[in-house]
Amino acid sequence: KKRSLPFTSPAEMVRQQEVIELFKNEVGRYNQFFNHVEQVKKFELLPEEWTIGGGELTPTLKIKRKVITQKYADVIGYIYH
């Protein structure tokens, strides 16, 4: 909204090139503080937030890694292969 990007859903927003570039710049800015093997090489923006109701977070807001690994197996596979 701040940059007047036209979108009607989070799924539309994360596909916009300006949004992807914003995140690439942020990742690049922080990557300089890490060794090459520790740097983020690829990433994927997800169209939905992780929530307790969605099953990705515990009531104390901890990540349920097993649930996320199963739910986003295709995205994780894309990033690591």
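All figures in this text were calculated on a predicted structure; none of them were measured in a lab. (Residues numbered from 1 in each chain as written. Predicted model: local features only at pLDDT ≥ 70, side-chain atom pairs only at ≥ 80, totals over all residues. Heavy atoms only, no water.)

Colleague: Looking at this structure, how should I read the pattern of salt bridges?
Modeller: Two side chains of opposite charge can pair, provided their charged atoms sit close to one another. Per the stated rule, a full pass over the model turns up 3 salt bridges. In this structure, Arg 29 and Glu 26 form a salt bridge, with 2.8 Å as the shortest nitrogen-oxygen distance. You can see Arg 29 and its partner Glu 26 sitting in helix α2 (residues 17-31), 3 residues apart, about one turn around the helix. (Salt bridge = Lys/Arg side-chain N within 4 Å of Asp/Glu carboxyl O. Helix = DSSP H or I, 4+ residues; strand = E, 2+ residues; numbered from the N terminus.)

Colleague: Would you explain the environment of Gln 32 in this entry?
Modeller: In this fold, Gln 32 is placed in the loop between α2 and α3 (65-71). Looking at Gln 32, its side chain comes within polar contact range of the main-chain oxygen of Arg 29, at 3.0 Å. (Polar contact = N/O pair within 3.5 Å; in protein donor to acceptor, adjacent residues only side chain to side chain.)

Colleague: Help me out: how do you make sense of the packing of aromatic side chains in this one?
Modeller: The geometry of an aromatic ring pair comes down to the distance between the two centres and the angle between the two planes. Summed over the entire model, instances satisfying the criterion amount to 1 aromatic pair. For Lys 42, the ring lying beneath its charged end belongs to Tyr 78, and the centroid distance is 5.0 Å. (Phe/Tyr/Trp six-rings, centres within 6.5 Å; stacked < 30°, edge-to-face > 60°. Lys NZ or Arg CZ within 6 Å of the ring centre and 35° of its normal.)

Geometry only, nothing functional implied.
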